[in-house]
Amino acid sequence: VIIADVVGLGKSIIASAIAHNLNLPTLIIAPPHLKTQWEDNYRYEFDLNATVFSSGKLEDPLNALSRMSHEGQKLIIIDEAHKFRNEETRDYDLLQKICQGNKVMLLTATPFSNRPHDVFSMIKLFQIPNKSTLQYAGNLSEEFRRLIKEYEELKKIQKKSEGSVKNKEKIKSKI
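Position numbers for residues count from 1 along each chain, tracking the sequence in the order it is written. Selection of residues for local features in this predicted model requires a pLDDT of at least 70, selection of side-chain atom pairs for listing and counting requires 80 or more, and totals for whole chains, interfaces and linings are taken over all residues. Excluded from the side-chain calculations are hydrogens and water; all other atoms, namely the structure's heavy atoms, are used.

Q: Give a description of helix H1 (residues 11–22) that names residues and reports values.
A: In this text, helices come from DSSP runs of H or I with a minimum length of four residues, and strands from runs of E with a minimum of two, each type numbered from the N-terminal end. A helix is expected to reach a length of 1.5 Å times the quantity of its residues less one. Over its 12 residues, H1 extends 16 Å from the first C-alpha to the last, a length consistent with the 16 Å expected when each residue adds 1.5 Å. Relative accessibility thresholds used throughout: buried, under 20% of the residue-type maximum; exposed, over 50%; partly exposed, between the two (1.4 Å probe, protein chains only). Taken as a whole, H1 has its buried residues at Lys 11, Ser 12, Ala 15, Ser 16 and Ala 19. Angularly, the buried residues of H1 cover 130° about the axis, an arc narrow enough to put them on a single face. On its buried face, H1 sits against strand E1 (2–4), strand E2 (26–30), helix H2 (32–45), strand E4 (75–79) and strand E5 (103–108). Directions from the helix axis toward the C-beta atoms define the arc. Should any heavy atoms of two residues lie within 4.5 Å, those residues are considered in contact.

Laid out in structure tokens, this is it:
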């Protein structure tokens, strides 16, 4: 699941409540500046069976998972997940290995700042594109190909209209 909203509206609290109710062994991956908040606040307030890791050291949760393999499915919570939208990075590859076969919650405050391709990359952390369990689409790759094409067409239209507005403004300033 992706939990997305603007900064400060309680995404971490919602994720913590869900984690508490699922009662699974949980790995929380958070930026270094939020690690203490997860460790000292949410983990204790919600009585989470969780270990908190820095998103800057993804080898650590990957190693922890290999030691926990006998415990069955885990919950992976990724705070500021939008930082992992680029599939071409080593961190994305590590994160995909961490998420594989586990329940995943992505928290992000910037869903509208991302391109469709970025959102698709995040969804692929917990969905197999051609075997999607999402009700609206059987094949996410096909659906996102369509969305990306539409997005690119809209960007071209927007760029053309911005250019014509700038030209009109230049003409007005000369008059």
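So much for the structure itself; the text now carries on.
Q: With reference to specific residues and values, describe the nonpolar core.
A: Buried Ala, Val, Leu, Ile, Met, Phe, Trp, Tyr and Cys residues that are joined via side-chain atoms within 4.5 Å together make up what is termed a nonpolar core. Within the largest apolar cluster, 18 residues are counted, with the highest numbers of intra-cluster contacts made by Leu 27, Ile 29, Leu 58, Ile 76, Ile 78, Leu 95 and Ile 98. Elements with a minimum of two residues in this core: E2, helix H3 (59–67), E4, helix H4 (90–99) and E5. Sort the elements by how many residues they give to this core and H4 lands first, with 4 residues. Other than its neighbours up to four places away in sequence, Ile 98 contacts Ile 29, Leu 58, Pro 61, Leu 62, Leu 65 and Ile 76. Listed in part, the 17 residues of the second largest apolar core include Ile 28, Leu 34, Tyr 42 and Leu 107.

Q: Residues and numbers for the pattern of salt bridges, please.
A: By definition, a salt bridge exists where a carboxyl oxygen of Asp or Glu is found within 4 Å of a side-chain nitrogen of Lys or Arg. A full pass over the atoms with the stated rule returns 4 salt bridges. Its salt-bridge partner being Lys 97, residue Asp 93 comes within 3.4 Å of it at the nearest N-O pair. Taken as a pair, Asp 93 and Lys 97 lie in helix H4 at a separation of 4 residues, close to a single helical turn. With a relative accessible area of 43%, Lys 97 lands in the partly exposed category.

Q: Let's hear about the sheet that holds E5: which residues, and what values?
A: Note: strands within a sheet are paired through backbone hydrogen bonds, in either parallel or antiparallel orientation. The sheet built from 5 strands is open, its strands ordered E1-E5-E4-E2-E3 with parallel pairing. Two strands in the sheet have a free side with no partner beyond their single neighbour: E1 and strand E3 (50–54). Averaged over all pairs of adjacent strands, the angle between their axes in this sheet comes to 15°, without regard to strand direction. Taken together, the 3 bridges between E1 and E5 define a ladder with parallel strand orientation. Directly across from Ile 3, in E5, lies its bridge partner Leu 107. Its contacts with the sheet put H1 on E1, E2, E4 and E5, and the angle it makes with E5 is roughly 165°. Lines are fitted to the C-alpha atoms to define the axes, a helix being fitted only along its stretch in contact, and any angle between axes, read from their N-to-C directions, falls within 0 to 180 degrees. The strands touched by H3 are E2, E3 and E4; relative to E2, the strand with the most contacts, the crossing angle is about 175°. Here, a strand pair is defined by DSSP locating no fewer than two bridges between the strands.

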